[in-house]
Structures are given as structure tokens and as C-alpha cells.
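Residue-level listing of the chains:
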Amino acid sequence: KAGVTQTPRYLIKTRGQQVTLSCSPISGHRSVSWYQQTPGQGLQFLFEYFSETQRNKGNFPGRFSGRQFSNSRSEMNVSTLELGDSALYLCASSSADSGYTFGSGTRLTVV
Amino acid sequence: QKEVEQDPGPLSVPEGAIVSLNCTYSNSAFQYFMWYRQYSRKGPELLMYTYSSGNKEDGRFTAQVDKSSKYISLFIRDSQPSDSATYLCAMSGAAGNKLTFGGGTRVLVKP
């Protein structure tokens, strides 16, 4: 069974640019969550989608947005990038009884 | 004060020893408890997933949850150098809710 796939694995962007990250969940999982991991703040929840609807949102500015498609694949977008957005962005998919399975993440560096 | 507290370590043990990890939390609404292992530059790997209080064993891993004390533990028996990683506890109030993570404990198993 394939795991959670995140693309790309690495990204380097310039301040002010925007970026889109992609996540393909485990087959059959309808819930996709996004987290930001930094050395200083640890893992912080961004948002969660279930059946194309945002079900939960964390305390991040509106520059961070996401969406989920009918096949459960999800994308997150960060606009007007800031240096502080440099982080490992992790996607997790889950079902009712399985817990959360994470992908390998996308490491974003903003220069 | 953080909702979930976890000693950052590092915790250094000799190969074959028992590794003992724990987290305390303040939110009594948490019902689902997870332990993850994260290697450097990788996504978190789900080790244990438990609901409410009690013990759960899976191979060399034992997870304990004491909701009355708001305290969870993970024990790793017969530790191996390959167990050297950062261990993260995570919890949520309901299936599908956002995960709240501890800061992680770095573990080093010495040959």
C-alpha cells in the first residue's frame, strides 16, 4: 500500500514569491492535514480537509491556504513568502481508526 | 505553558536498555494519543496509536496512557542503535481533530 506522497521534496524560493505544495494521501483516506515544522516552534497545525471541505484551521495568517480535490489529493499555497516561512511542511492522511500517517515532507527554504 | 510538555533530552542509553519516554498534557479533552519516531530530514513515522486510558503493546513498544494524571509514556525494549531518533508524542480531542504535538525527545542508543 503506497504511503503519503508529497511533492516536491525540496524548494528554494525568494521572498515575496508564492509556492504550491502537493500531497497525495493513502488510498481510501479522505482526511488530509497539513503541518509546519520548525526547530523553534516544533510541529504546528495548519489546516485539515475532509471530502474537499476545510474542517479545521490553525493559527496561521491568510497567506497560507489549501484545498482538496475530489480524489482526496490536497495542495497548500503560501503567498508573499517571508523568510520565517522556511520550514518542513508535512502532510498527513488519516481514516477513522488508523491514526495519522505522515509523508516525508517538503523542505521549503525562503531566501 | 504549552498544552503538551515533553523533555527535549537528549536521552542516551546503551544498546539493549529500555528507553522510557513520557509526555504530560493539560487539556482534559484529549482522547487519542500517538507516538511518532522521526529521523533527521524525514517525516514522522507512527509507532503507536491509542484511545483513552490503558496500555498497548506492539513488538518492542509499549504505550501507556493515564488520563487521570494527564500523563502518557512510551517504552522501547531491547533498544537498538537504529532506534536513535527524535520521538514525538501527539494527541487530539477526537478522531479527525488536529494533532497537538510535544516538542520531541532526542534519543541516542549507543552500541
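Use the structure listed above.
Reference entry: report on the structure contained in this document. Everything numeric in this text was worked out from a predicted model, so none of it was measured.

Regarding the overall build of chain B
Across its full length, chain B holds zero helices and 11 strands. Reading chain B from its N end, one meets helices and strands in the order β-β-β-β-β-β-β-β-β-β-β. In summary, chain B has a C-alpha radius of gyration of 13 Å against a globular reference of 13 Å for 111 residues, a match within 12%. On the principal axes, the C-alpha backbone points of chain B span a range of 40 × 25 × 25 Å. Every one of the 111 residues in chain B was classed for burial, and the buried ones make up 42%. Of all intrachain contacts in chain B linking residues separated by at least 6 positions in sequence, the fraction that spans at least 24 positions is 54%. Per element, the accessible surface of chain B, about 5300 Å² overall, is 47% carbon and sulfur.

Overview of the sheet that holds strand β6 (residues 54-58) of chain B
Residue and element names in this part refer to chain B. Pairing within the open sheet is antiparallel, and its five strands lie in the order β1-β3-β8-β7-β6. Among the strands making up the open sheet, the edge pair consists of β1 (4-6) and β6. Neighbouring strand axes in the sheet, compared pairwise and without regard to direction, differ in orientation by 15° on average. Note: β6 against strand β7 (residues 61-66), five bridges, orientation antiparallel. By the bridge assignment for β7, Glu 57 is matched with Thr 62.

Some points on the state of the cysteines
Residue and element names in this part refer to chain A. Counting across every chain of the model gives two disulfides over all chains. Two residues share a disulfide in this structure: Cys 23 and Cys 91, whose sulfurs sit 1.8 Å from each other. Residues Cys 23 and Cys 91 are joined by a disulfide whose S-S torsion is about -60°; by sign, that bridge is left-handed. Residue Cys 23 is located in strand β3 (residues 19-24), and its partner Cys 91 is located in strand β9 (residues 87-95); the two are separated by 68 residues in the primary sequence. For the pair formed by Cys 23 and Cys 91, the shared burial category is buried.

Quick notes on the environment of Tyr89(A)
Residue and element names in this part refer to chain A. Here Tyr 89 lies in strand β9. With 74 residues separating them in the primary sequence, Tyr 89 and Arg 15 have C-alpha atoms 17 Å apart. Apart from the residues within four sequence positions on either side, Tyr 89 is in contact with Gln 6, Leu 21, Tyr 35, Gln 36, Leu 46, Phe 64, Met 76, Gly 105, Thr 106 and Leu 108.

Things to note about the environment of Gly102(B)
Residues and elements named next belong to chain B. Within the secondary structure layout, Gly 102 lies in the loop between β10 (100-101) and β11 (105-110). A relative accessible area of 4% places Gly 102 in the buried class. Between the C-alpha atom of Gly 102 and that of Tyr 25, which follows or precedes it by 77 residues, the distance is 8.8 Å. When sequence neighbours within four positions are dropped, the list of residues in contact with Gly 102 reads Val 4, Gln 6, Leu 88 and Cys 89.

Cut-off values and rules
Residues numbered from 1 in each chain as written. Chains lettered and ligands numbered in written order. Predicted model: local features only at pLDDT ≥ 70, side-chain atom pairs only at ≥ 80, totals over all residues. Heavy atoms only, no water. Helix = DSSP H or I, 4+ residues; strand = E, 2+ residues; numbered from the N terminus. Rg over C-alpha atoms; globule rule 2.2 N^0.38 Å. Buried < 20%, exposed > 50% of the residue type's maximum accessible area, 1.4 Å probe, protein only. Contact = heavy atoms within 4.5 Å. Areas by Shrake-Rupley, 256 points an atom, 1.4 Å probe, with all protein chains shown as cover. Pairing = 2+ DSSP bridges. Axes fitted to C-alpha atoms, helices over the stretch in contact; angles between N-to-C directions. Disulfide = S-S within 2.5 Å.

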